[in-house]
Amino acid sequence: MITTTSLYDQLTSLYKEKRNDTESAWLSNLREDAFKAFTRNGFPTTKQEDWRFTNIAPFLKEDFLLHPGEASLHSSKKAGSIPQFDAHEIVLKNGMLNEDVTIPGISISPLRTALKDERFKSYLSKHIPLNAQPMAALNTAMFEHGIVIEADKNIIADKPIHVTYIYNAAEPVFVQPRLLIIANKSSKLQVVESLLIMGESPIFINSVTECYVAENAQADHYVLQVTPPNVRWVNFNQTIQSADSLYNNYTYTLPGGLLFRNNIHLDLNGTNTESHLYGLYLTGPGQLTDNHTCVNHLNPNCFSNELYKGVLMRDSRAVFNGKIFVQQDAQKTNAFQQNNNMLLSNNAIIDSKPQLEIFADDVKCSHGSTVGNFNDEALFYLKARGIGDVAARNLLVNAFAFDVTNKIQVPAVQEYVEKIITQKMAEAYD
Amino acid sequence: MLLDIKNLQASVENKQILKGINLQVNPGEVHAIMGPNGSGKSSLASVLTGRQNYEVTGGEVSFDGRDLLDMSPEDRAREGLFLAFQYPIEIPGVSNINFLRTALNEIRAYHNEPPIEAKEFLKLTREKQKLVEFDAKLTNRSLNEGFSGGEKKRNEIFQLAMLNPKLSILDETDSGLDIDALRIVSNGVNKLRSDKNAFIVITHYQRLLEYIVPDFVHVLYDGKIVKSGTKELALELEEKGYDWIKEPVTTASV
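Each chain carries its own residue numbering, running from 1 in the written order of its sequence. For this description, chains carry letters from A and ligands carry numbers from 1, given in the order in which they are written. For a predicted model such as this one, the threshold for reporting local features is a pLDDT of at least 70, and the threshold for listing and counting side-chain atom pairs is 80 or more; totals across whole chains, interfaces and linings nevertheless cover every residue. The side-chain values count all of the structure's non-hydrogen atoms but skip hydrogen atoms and water molecules.

Draft legend 1. Expanded view of the overall build of chain A. Helix and strand content of chain A: 7 helices and 20 strands. As a reference, a globule follows 2.2 Å times the number of residues to the power 0.38, and the radius of gyration itself is taken over C-alpha atoms. For 430 residues, the compact-globule estimate of 2.2 N^0.38 gives 22 Å, and chain A sits close to it at 21 Å. Seen through its principal axes, chain A has C-alpha atoms that stretch 70 × 55 × 45 Å. Here chain A holds 430 residues, and 60% of them are scored as buried. Taking the intrachain contacts of chain A between residues at least 6 apart in sequence as the baseline, contacts between residues at least 24 apart amount to 86%. For the area figures, the Shrake-Rupley method with a 1.4 Å probe applies, and any residue is considered shielded solely by the protein chains shown. If you sum the accessible surface of chain A, you get close to 16,200 Å²; carbon and sulfur atoms cover 47% of it. His is not counted, nor are the chain ends, whereas Lys and Arg count as positive and Asp and Glu as negative. A single reference atom marks each charge: NZ on Lys, CZ on Arg, CG on Asp, CD on Glu. For chain A, the separation between the mean place of its 37 positive charges and that of its 46 negative charges on side chains is 2 Å. Strands are runs of DSSP state E lasting at least 2 residues, helices are runs of H or I lasting at least 4, and numbering of each runs from the N terminus. Using a 1.4 Å probe on the protein chains alone, a residue whose accessible area is under 20% of its type maximum counts as buried, one over 50% counts as exposed, and one in between counts as partly exposed. Residue contacts are counted whenever heavy atoms from the two residues lie within 4.5 Å of one another.

This is how it looks when you write it as C-alpha cells:
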C-alpha cells in the first residue's frame, strides 16, 4: 500500500536532488527556508486548528507523478472555456507558458525567467507565513513553473487576462502552480484563473498566488473552480495592498472536485485601501470545500468587506473560517464579514467560524454567519405559477447566490458562472 | 363545468378547517366568497392550489374534468389554475421578468409547446403591462422586493394576465388597497374576464364587488358555505354584518 509518507519521501528526495540547480542564491535560500518550514510539520493534519475540519491525508495516498508529461496534452485543446469572453488568453500547459503573449503595458513572463531578476526578491513569498502554512511552504520550496503578470504603472488593461491551467491527469499527478500578479502604481487589471483537466486520474493541485496591488492601483482577481471530480485543490492566495488601492477577490467553487481548500490572505499595508472578498461555494455529493480567509488591517482608514455564500447538497461538507485582524494602528477601520449558508440536505454539514480580533479602539466591524434551508413559502409561490420543483429550486439557489454573482464585473464570466450553477445544481439535488 | 367541489374537507395539524364545501364554477362566471375572519376562505384557496400542511380528509375536486387534488401544485397551475396570493412573497435575486419567462416556459413545456420567442415574450409583456397598468420599471426588479402593498397586488394581476389561466382565485386581493389601486386591480380583472375563464374572488369587504361584479356570492362560515345568492347578498352582508349568518349554523350544529 502506498501511504502519505511515500509522497512526503518522494517530495523530499526530489527536493534534495534539485538543490544544485542554477537558481540565484536568494531563491535557493528562500526555498531552503520554505523546505524547512514544510518538513518541520509535514503535511497538515486535523490536529492543527486550521485544518481541524479538513483532512487532506486520504487525498495524498495516490502514487503521484510529480512531473506530468507534456506530450500527452492535446495541443488542439485551447482555452476559451468561457463563452463570449473577450480576454487576453494565457494557456499554461502543465504549468508552462509555451507561447509569447504580448499585451501593451503588461508583461507576462515565465516565473523561472523572471526570477533571475533580483527585483523579484522583494515580492516572492515575502509575506506568506511559511511556518504556519505548510502547503504554501511546500509550493515555495518546490514550484517549477508559473508566470508573472505585471502591469506597468498607470496602465489600464484594455481587457481581462484569462489564465487557463491545462493539466494532463492521465495518471495521478501532484502539481504546484505559482502565479505572481503585480499591479504597479495607478495601474488596473483583471485576472481570471480557470482550470482545464484532461484525463480522469486524481490530480492534486497545490497552488500559490501572490498579488501585489501598489499605491492607487486596482486589481480584480477571479478564481473559477469549475472542475471534474478528480481534482483536489489546495490554494493559497496572498495579497498585499498599498495605500489607496483596490482589490477584489472572487473565489467561486462549483460542484466537481472532491476537495477544495482556499486560503485567502490579505494584508492591508497602506492607508485608505478598499477590498472585497466574494466567495461562493456549491458542494455536491461527497465534496468538501473549505475557505479560510484572513484580512489583516495594519493601517488606518481601510475598508474591507467579505461576503461568502454556500449551498450544500447531499452529503457534502463545507468549512468557512474568516479572520479579521484590526491591529492597533488601524484606527477608523471599516471591516465587514458575512457568511450565509443554505443546507439543502439533512446530511450536509457546515462549520462556520467568523472571527474578529480588534486591537484598535475606533473601528467599525461586524461579522455574522447564518444557516438556513429553502424558504417553503417561496418554493410554493414559484410552483403555484407552474414552475416545477427543479426549476424552482434553481431559481432560489441562483437568487441566494445573486448577492455574490452580481458582483462579478465581467458579464461573460457572470453568465458563465450562473449557467454552471444551474447545470450543476440540477444534477445534485436530493 | 370548470370546477366542481364536492363535500371538500381538510385539516391543518389535525384541526378541521374545511367541513364539507360544495361549489360549482362554470366558464365565464365570477364567484365571490365572503365570510368573517377564520371562516376558511384562504384555507379553501390553499387547498385548491395544493399548499403543503393542508391535509384533505374527504371529498373531491374536479378541475376541467381532471382530479385536481391528485396533482402537484405546479401541475395545477399548468392546467390553468391561478392563485393571486394574499401576501405575495418577496424573492430577492429572482427578477420579475426571468420568473415570468420561466413560468411561461414551464407551462408551455407541460403542454408540449416550444419555449416562447424572446420577441414574442417582450410583446406579450408590454401588452399585458399596459392592460393592467403595471409599471414597466417594476418588471425588471427582483420579484416583489421592496414593492408597496399595492404594487405587490398589481404584480399578482400582471402575472395573471401573462399566464392567462382558466380559473383565477383572488385571495383578499383588495385587503389593504387604497381606492386607486383597487380600481386598477379591478379594471385589470374586468379586462381579463371572458366567457372562457372564471374567477373566484375571496374578499372580506363588499367594496371590491362594486368593481368586480360577481355572478354569485357565497358566504363561508365555520368551514362550510352557509348561504349562496347573487350580488345582492353581498349588500345585505355589508348592511347586517355576519352575525345573522352565524346564528342558524351554530344552532344547527348543536
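Now that the structure has been shown, the text picks up again.
Draft legend 2. Region of interest: the interface of chain B and chain A. The interface is formed by 30 residues belonging to chain B together with 19 residues belonging to chain A. Taken over both partners, the interface formed by chain B and chain A buries close to 1,900 Å², and the fraction arising from carbon and sulfur atoms is 68%. In this description, buried area is defined as the sum, over both parts, of the accessible area (probe of 1.4 Å) that is lost when the two are combined. Of all residues in chain B, Glu-74, Phe-85 and Ile-89 of chain B give up the largest surface area on contact with chain A, accounting jointly for 26% of the area buried on that side. Any Lys or Arg side-chain nitrogen located within 4 Å of an Asp or Glu carboxyl oxygen qualifies as a salt bridge. Seen at the junction of chain B and chain A, the total is 2 salt bridges. In this structure, Glu-156 of chain B and Arg-385 of chain A form a salt bridge, with 2.7 Å as the shortest nitrogen-oxygen distance. We define a polar contact as two N or O atoms separated by no more than 3.5 Å, with the added condition that, inside protein, one atom must be a possible hydrogen donor and the other a possible acceptor, whereas residues neighbouring each other in sequence contribute only through side-chain atom pairs. Inspection of the chain B/chain A interface yields 8 residue pairs in polar contact (both at pLDDT 80 or more). Listing elements by their share of the side of chain B that touches chain A, those giving two or more residues are helix H2 (73–78), strand E6 (81–84), strand E7 (91–95), helix H3 (96–110) and helix H6 (149–163) of chain B. Among the elements that take part in the side of chain B that touches chain A, H3 of chain B stands out by supplying 6 residues, more than any other. Per-class residue counts for the side of chain B that touches chain A are 17 nonpolar, 8 polar and 5 charged. Residue polarity follows a fixed list, in which Ala, Val, Leu, Ile, Met, Phe, Trp, Tyr, Cys and Pro are nonpolar, Asp, Glu, Lys and Arg are charged, and the others, Gly among them, are polar.

Draft legend 3. Local environment of the sheet that holds strand E3 (residues 30–34) of chain B. All names here are of chain B. Read across the sheet, 6 strands follow the order E6-E9-E10-E3-E11-E12 without closing on themselves; strand pairing throughout is mixed. For this open sheet the edge positions go to E6 and strand E12 (224–229), each flanked by a neighbour on one side alone. Sheet twist, expressed as the mean angle between neighbouring strand axes with direction ignored, is 20°. Here E6 runs beside strand E9 (residues 167–171); their pairing, made up of 4 bridges, is parallel. Residue pairing for E9: Leu-81 is matched across the bridge by Leu-167. Strands are labelled as partners when DSSP assigns at least two bridges between them. Every axis in this analysis is a line fitted to C-alpha atoms, fitted for helices over the stretch in contact. Angles between the N-to-C directions lie between 0 and 180 degrees.

Draft legend 4. Representation of the packing of aromatic side chains in the model. Two rings belonging to Phe, Tyr or Trp (six-membered ring only in the last case) form a pair when the distance between their centres is within 6.5 Å. Interplanar angles under 30 degrees mark stacking, angles over 60 mark edge-to-face geometry, and anything in between is tilted. Under the definition given, this model contains 18 aromatic pairs over all chains. With centroids separated by 4.7 Å and ring planes inclined at 45°, the aromatic side chains of Tyr-381 of chain A and Phe-85 of chain B adopt a geometry described as tilted. Here Tyr-381 of chain A, found in helix H5 (residues 376–383), pairs with Phe-85 of chain B, found in the loop between E6 and E7, and the two come from separate chains. Note on Phe-85 of chain B: relative accessible area 2%, which makes it buried. Taken together, the aromatic side chains of Tyr-222, Tyr-250, Tyr-252 and Tyr-278 of chain A make up a single cluster linked through ring pairs. Two conditions define a charge sitting above a ring: the NZ of Lys or the CZ of Arg must be within 6 Å of the ring centre, and it must be within 35 degrees of the ring normal. Lying across the ring of Phe-143 of chain A, Arg-31 of chain A places its NZ or CZ 4.3 Å from the centre. Taking NZ or CZ as reference, Arg-385 of chain A lies 5.0 Å from the ring centre of Tyr-381 of chain A, over its face.

Draft legend 5. How the structure looks around the sheet that holds strand E2 (residues 15–25) of chain B. Residue and element names in this part refer to chain B. Across the sheet, which stays open at both edges, the 4 strands sit in the order E2-E1-E4-E5 with antiparallel pairing between neighbours. The open sheet is flanked by E2 and strand E5 (66–67), the only strands paired with a single partner. Sheet topology note: the strand E1 (residues 3–12)/E2 ladder contains 8 bridges and is antiparallel. Across the sheet, the residue bridging to Asp-4 is Gln-24, located in E2. Contacts between helix H1 (residues 41–49) and the sheet are confined to E1, E2 and strand E4 (54–63), with E1 contributing the most and set at about 105° to the helix.

Draft legend 6. Inspection of helix H2 (residues 25–41) of chain A at higher detail. All names here are of chain A. The end-to-end C-alpha distance of H2, which contains 17 residues, comes to 25 Å, matching closely the 24 Å that a straight helix rising 1.5 Å per residue would cover. Listed as buried for H2 are Trp-26, Leu-27, Leu-30, Arg-31, Glu-32, Ala-34, Phe-35, Ala-37 and Phe-38. Once H2 finishes, Gly-42 follows within two positions and takes phi at roughly 70°, a positive value. Take the number of residues in a helix, subtract one, and multiply by 1.5 Å to get its expected span.

Draft legend 7. Examining the pattern of salt bridges more closely. Counting across every chain of the model gives 27 salt bridges over all chains. With its nearest N and O atoms 3.6 Å apart, the salt bridge here joins Asp-4 of chain B to Lys-6 of chain B. The network of salt bridges with common partners includes Glu-49, Arg-52 and Lys-353 of chain A.

Draft legend 8. Broad picture of unusual backbone geometry. Residue and element names in this part refer to chain A. Of note in this structure, Asn-272 is not a glycine but carries a positive phi near 55°. The residue Asn-272 is located in the loop between strand E13 (259–268) and strand E14 (274–283) in this model. In this model, Asn-301 sits at a positive phi of 60°, which is unusual for a non-glycine residue. Inspection of the secondary structure assignment puts Asn-301 in the loop between strand E15 (288–297) and strand E16 (303–312). Among the residues examined, Asn-301 registers a relative accessible area of 43% and is labelled partly exposed.

Draft legend 9. Local environment of H5 of chain A. Residues and elements named next belong to chain A. In terms of burial, H5 is a largely internal element, 6 of the 8 residues being buried. What H5 keeps buried is the set Ala-378, Leu-379, Phe-380, Tyr-381, Leu-382 and Lys-383. Where H5 begins, the capping side chain belongs to Asn-375, and its oxygen is found 2.9 Å from the backbone nitrogen of Glu-377.

Draft legend 10. The arrangement of the side chain of Ser-43 of chain B in detail. In this fold, Ser-43 of chain B is placed in helix H1. With residues near it in sequence (within four places) discarded, Ser-43 of chain B still touches Ile-17, Leu-18 and Tyr-54 of chain B.

Draft legend 11. View of the confidence of the model for chain B. By definition, pLDDT measures how confident the predictor is in each residue, and it falls between 0 and 100. Looking at chain B, the pLDDT average stands at 92 and 97% of residues meet or exceed 70. Averaged pLDDT values for the elements of chain B fall to 61 in helix H10 (residues 243–253) of chain B and rise to 98 in H2 of chain B.

Draft legend 12. The arrangement of the environment of Leu-233 of chain B in detail. All names here are of chain B. Along the chain, Leu-233 falls in helix H9 (residues 231–240). With a relative accessible area of 6%, Leu-233 lands in the buried category. Residues Leu-233 and His-218, 15 residues apart in the sequence, show an inter-C-alpha distance of 8.2 Å. Setting aside residues up to four positions removed in sequence, Leu-233 forms contacts with Val-217, Val-219, Lys-227, Ser-228 and Trp-244.

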